[in-house]
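A closer look at the structure
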Amino acid sequence: MGLEPLIRMGIGIALILALAPVVMMWLTWLERKTIARIQNRFGPTRVGRYGLLQPLADGVKMLTKEDIVPAGADRWLHLLAPIVIVVPALMLFAVLPFGPRGIVLNLNTGLLFFLAVTSTQTIAVFMAGWGSRSKFSLLGALRTVAQLAAYEVPMVLAAATVVMISGSLSTTAIVEAQAARWFVATPWGFTAFIIFLLCALAEVNRTPFDLPEAESELVGGFHTEYSGMKFALFYMAEFLGTFAISALGATLFLGGWRGPWLPGWLWVLVKTYGLVFVMIWIRGTWPRFRIDHLLAFAWKCLLPVSLANVLAAGLWAVCPWPWGTVAAVVLVAATFLVTSQIWIPEASCKDSPRVVS
Amino acid sequence: MGQGSYTLNYLGLALLAAAALVVPLLPILLARVIAPKKPGSTKQSPYECGVPTAGDPWSQFRVQYYLYAIAFVVFDVEVLFLYPWAVVFTGLGLAGFIAMAAFLLVLAGGLAYLWQKGALEWD
């Protein structure tokens, strides 16, 4: 084994650690600007042209703020939680392909690695909520566990359809398998893409699935008792996660680096920022779910539909054209219609006031 | 970058995990040096809308969370079985599809049972 692969890997790791925080900082700018425009405001304008230096000013401010730890808190959990949430968020970047060879670690189980590492954030959030020893923090953390557990299963099932058709867990091989057409252009791929996008919003705790940190009802949820740099690290993890999961969505369903005229890495960025923009747009448009509706939507709508979608992908591959396509569409549509006839009336007839818990 | 060898890839992951620790640790340590430190009993009390804390938050929580957690484990293990099948699916043909369809239908039956029993209700 020569030295060359080691050096390549070292450069890749250095690039991740140098660029990921930069990506994160200007994602906060992008989000604030976009949300402001949606709400007829200007957003940051004072620090630098178009407020472009605002993230740096925020960073300095966060660094000079006092770190407050509640008196009864478990100090170790309180300190470890922001570290435990940021490290996995950075590791996600290792398996994102930016070109046929533009990937830091070409794991043959890249997709599985990504999904497994994403799910560790549940632990970090619960550490933060439990370690703070505050009611709002603990409520937020408990909601997070229920929410992430509920939305992880449909997301993994949606990704499973891609594995079935491309026959590989490697992120580069999945993009190679989309040479003829992007997976989003197939009946099962379209359904899986919608399910994946909805679950991605829930996995990174973004509106309308931001119950773990719902400002207007839980003060700040699991990070109520955090201030200064530790608080900033939770936001860092959220924005890194938003970028990484959008890039995974682009890889699985939108053909990754494939596209005409532009170089491959630019296509990845265009598609990723496109999905990020959709996520911000949704935040600017939709109100927050209520917790019982949120869980009912995951367990009673997304889960049956994503199970049916796995079968639909199988039918699409096994049956000759056009019967496979017809069968896939009919199966998914029928499942959605049948379950929605049950869960929507169930959810809406229980609209009495309730205690949050 | 390129299809690296198995050991090299997992060595890379370990390296990345170790190096990534710098990203959260550096600002935390830096903040410890420059941020002011003025603790006070009011400031250190847990937030509760301005009133003194009533009771310990480290107490029992609703049993519903455990039910969701068990349902999650069931379906997560299912997915664990699904992934190896999904990787080799294209080579299995109709027989492989029917076998997994039967497995998924049994699980869908489990979901229907949970639903009918009210285990998926919030209250």
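Just so it is clear, the structure is predicted and the values come from calculations on it, not from any experiment.

Conventions and cut-offs
- Residues numbered from 1 in each chain as written.
- Chains lettered and ligands numbered in written order.
- Predicted model: local features only at pLDDT ≥ 70, side-chain atom pairs only at ≥ 80, totals over all residues.
- Heavy atoms only, no water.
- Contact = heavy atoms within 4.5 Å.
- Buried area = accessible area lost by both parts, 1.4 Å probe.
- Salt bridge = Lys/Arg side-chain N within 4 Å of Asp/Glu carboxyl O.
- Polar contact = N/O pair within 3.5 Å; in protein donor to acceptor, adjacent residues only side chain to side chain.
- Helix = DSSP H or I, 4+ residues; strand = E, 2+ residues; numbered from the N terminus.
- Phe/Tyr/Trp six-rings, centres within 6.5 Å; stacked < 30°, edge-to-face > 60°.
- Buried < 20%, exposed > 50% of the residue type's maximum accessible area, 1.4 Å probe, protein only.
- Core = buried A, V, L, I, M, F, W, Y, C linked by side-chain atoms within 4.5 Å.

Considering the interface of chain B and chain A
Listed per partner, the contact involves 69 residues of chain B and 88 residues of chain A. Together, the buried faces of chain B and chain A total about 7400 Å²; carbon and sulfur atoms form 74% of this surface. The tally of links from chain B across to chain A stands at zero salt bridges. On the surface where chain B and chain A come into contact, there are five residue pairs in polar contact (both at pLDDT 80 or more). When contributions to the side of chain B that touches chain A are tallied by element, the ones reaching two or more residues are helix H1 (6-20), helix H2 (22-34) and helix H3 (64-117) of chain B.

Some thoughts on the packing of aromatic side chains
Inspection of every chain in the model, using the stated rule, returns 18 aromatic pairs over all chains. Each ring, one from A:Phe297 and one from A:Trp343, has its centre 5.7 Å from the other, and the planes form 55°; the classification is tilted. Here A:Trp343 lies in helix H13 (residues 323-348) and A:Phe297 lies in helix H12 (residues 291-318), a separation of 46 residues in the sequence. Using a relative accessible area of 14% as the deciding quantity, one classes A:Phe297 as buried. Classification of A:Trp343 as buried rests on a relative accessible area of 13%. Centroid distance B:Phe81 to B:Phe103: 6.2 Å. Interplanar angle 90°. Geometry classified as edge-to-face. Under the relative-accessibility criterion, B:Phe81 is labelled exposed at 55%.

Brief notes about the nonpolar core
Ranked by internal contacts, the top residues of the largest apolar core, which has 134 residues, are A:Leu111, A:Tyr151, A:Leu252, A:Phe253, A:Leu295, A:Trp299 and B:Tyr83. Per-element tally for this core: the top contributor is H3(B), with 18 residues. Those residues in contact with A:Leu111, other than ones at most four positions away along the chain, are A:Ala159, A:Val163, A:Leu169, A:Thr171, A:Ile174, A:Leu248 and A:Leu252.

Re the pattern of salt bridges
Residue and element names in this part refer to chain A. Applying the stated rule across the entire model yields six salt bridges over all chains. A salt bridge links Arg8 to Glu4, with the shortest nitrogen-to-oxygen separation between them at 3.0 Å. Here Arg8 and its partner Glu4 are both found in helix H1 (residues 4-38), four residues apart, which amounts to about one turn of the helix. Note on Arg8: relative accessible area 27%, which makes it partly exposed. When its relative accessible area of 52% is taken as the criterion, Glu4 is described as exposed. The partner of Arg32 in a salt bridge is Asp58, and the shortest N-O contact between them spans 2.9 Å. Here Arg32 is found in helix H1, whereas its partner Asp58 is found in helix H2 (residues 54-63), with 26 residues between them in sequence. Here Asp58 falls in the partly exposed class, since its relative accessible area comes to 26%.

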